[in-house]
Amino acid sequence: MARFDSLRAAVGETPLVGLPRLSPSENARLWAKLEDRNPTGSVKDRPALAMLAAAERDGRLWPGCTVLEPTSGNTGISLAMACRSAGYRLVCVMPENTSVERRQLLTAYGAEIIFSPVAGGSNQAVAVAKQLAAEHPDWVMLYQYGNQANIEAHYRGTGPEILRDLPTVTHFVAGLGTTGTLVGAGRYLREHKPDVQVIAAEPRYGELVYGLRNLDEGFVPELYDPDVLTGRFSVGAIDALRRTRELLEVEGIFAGISTGAVLHAALAVAEKAAGTGEAADVAFIVADGGWKYLSTGAYSDDFYEAAARLDGQLWA
Amino acid sequence: MAVTVSIPTILRSHTDGAKSVDVSGGTLAEVIDNLDNQHSGLKSRLISNGSLHRFVNVYVNDEDVRFAGGLDASVADGDTVTILPAVAGGSTPAVAGVAGG
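Residues numbered from 1 in each chain as written. Chains lettered and ligands numbered in written order. Predicted model: local features only at pLDDT ≥ 70, side-chain atom pairs only at ≥ 80, totals over all residues.

**Points about the confidence of the model for chain B**
Residues and elements named next belong to chain B.
Working step 1: Overall, the prediction assigns chain B a mean pLDDT of 83, with 84% of residues at 70 or greater.
Working step 2: Contacts from residues 88-101, a stretch scored under 50 in pLDDT, to residues over four places away or in other chains number 83 contacts.
Working step 3: In the predicted assembly, ipTM is 0.73 and pTM is 0.89. (pLDDT = per-residue confidence, 0-100. Contact = placed C-beta atoms within 7 Å.)

**A few points about the sheet that holds strand β3 (residues 66-70) of chain A**
Residues and elements named next belong to chain A.
Working step 1: One open sheet holds the four strands; their spatial order is β5-β4-β3-β6, and the pairing between them is parallel. In this open sheet, the two strands that pair with only one neighbour each are β5 (112-116) and β6 (140-141).
Working step 2: Pairing of β3 with strand β4 (residues 89-95) involves five bridges; the strand directions are parallel. Bridging from a neighbouring strand, V67 pairs with L90 of β4. (Pairing = 2+ DSSP bridges. Helix = DSSP H or I, 4+ residues; strand = E, 2+ residues; numbered from the N terminus.)

**Some thoughts on the environment of A:T296**
Working step 1: Within the element layout of this structure, A:T296 appears in the loop between β10 (280-286) and α10 (303-311).
Working step 2: Through-space distance from the C-alpha of A:T296 to that of A:A307 is 9.5 Å; in sequence the pair is eleven residues apart.

**Thoughts on the packing of helix α1 (residues 45-57) of chain A against helix α2 (residues 74-86) of chain A**
All names here are of chain A.
Working step 1: Here α1 crosses α2 at 45°, and the two axes come no closer than 8 Å. Judged on the interaxial angle alone, α2 and α1 are oblique. The handedness of the crossing between α1 and α2 is right-handed. Counting all contacts with α1, which are made through D45, P47, A48, L49 and L52, the residues of α2 involved are T75, S78, L79 and A82. (Axes fitted to C-alpha atoms, helices over the stretch in contact; angles between N-to-C directions. Parallel < 35°, antiparallel > 145°, perpendicular 65-115°, else oblique. Left-handed = near helix turned anticlockwise from the far one by under 90°.)

**So, the nonpolar core**
Working step 1: By size, the foremost hydrophobic cluster in this structure holds 99 residues, and its most contacted members are A:F172, A:V173, A:V262, A:A265, A:A266, A:V282 and A:F284.
Working step 2: Counting contributing residues per domain, this core is built from domain 1 (8-37 + 158-306) and domain 2 (45-141) of chain A, each supplying no fewer than three.
Working step 3: Beyond its immediate sequence surroundings of up to four residues, A:A266 is in contact with A:L30, A:V173, A:V282 and A:F284.
Working step 4: Counting residues in each nonpolar core, the second largest holds 23 residues, with B:V3, B:L35, B:V56 and B:V81 among its members. (Core = buried A, V, L, I, M, F, W, Y, C linked by C-beta atoms within 7 Å. Buried ≥ 20, exposed ≤ 12 C-beta atoms within 10 Å, placed from the backbone. Domains from an automatic or database assignment.)

Here is the structure:
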């Protein structure tokens, strides 16, 4: 059945496609879960729409309400779509060094954007949003970093879909942001197949983003559960961009830059398995398509120029 | 041959501004001890009470050591050890997130 009552209802049930050319061997296979096939084009439709639905069920939202959210883009875009149709005002706090397309999409959907400083990346967006929430007690902050509905969306959706479509799954790889995808889907998978490896791919940004960050302070999303993860890779802009282009050129999948980082980690574990002769079915998340990053030149410019430019941006 | 340690901006006051330092060592703990011998004071910025500081992330060839034995993680000549401050993401005992929201 592919008929839905509304766009919001058409979330999830995304395709899982094999990568016959990029997989290291016949027994060590890669599978891409195409989360760009969601209503607003990213995996964030799952948590965003689930958080909104939970707040509506709890009676916290009604037409005219203001919704507030720290976001690097995709969650905001998803919320903006749903908020506009429901009659809520949306205020997004977003780091100032994100791609122009994200800003344009948010504006097109009617969201208001408050920019947070580059240094510190999403940490700063969270800090600014928390401050705004304190100043405006009537605003409703869904707060994806700590909202259980984020985890639930992946525990009830992403995880079961992967296990149903790939019962032989051995590894699950996704990007590390709010930790909702990894903790939610990973927890479901490990409850049903305890040996499944849950691997995080964390973007490693340029020095501009880390800046002079103090080693005595940090931010761990409230949703994070260290017991679910079994490994974690740090992937820089060059590897992320190289894999993004490889995925496009070899398998025809036009994905965003963060997916390149996830593929880099997925290939590392698949190649390790292929080397020891173990069978591996590695499922990884394609968080979004490449459309929102075209202006960065990531797909068309000289590789090293494009990578150097990405280094100073929040590309995931 | 040695292990190359990449130093984050915030700690370069200890290394006279050097972005990376070559040291020897077979485990991460040995690497950090040798690093501290060359550049005094670094160890105390990275380790407290015998384990990695909460908001410091250390990777051996891009893989987080907290999932690979922590301070006992083995390193070999030619490996790259990357030290990073946690950005939207720190670690207790491991992790968390940058961006992606």
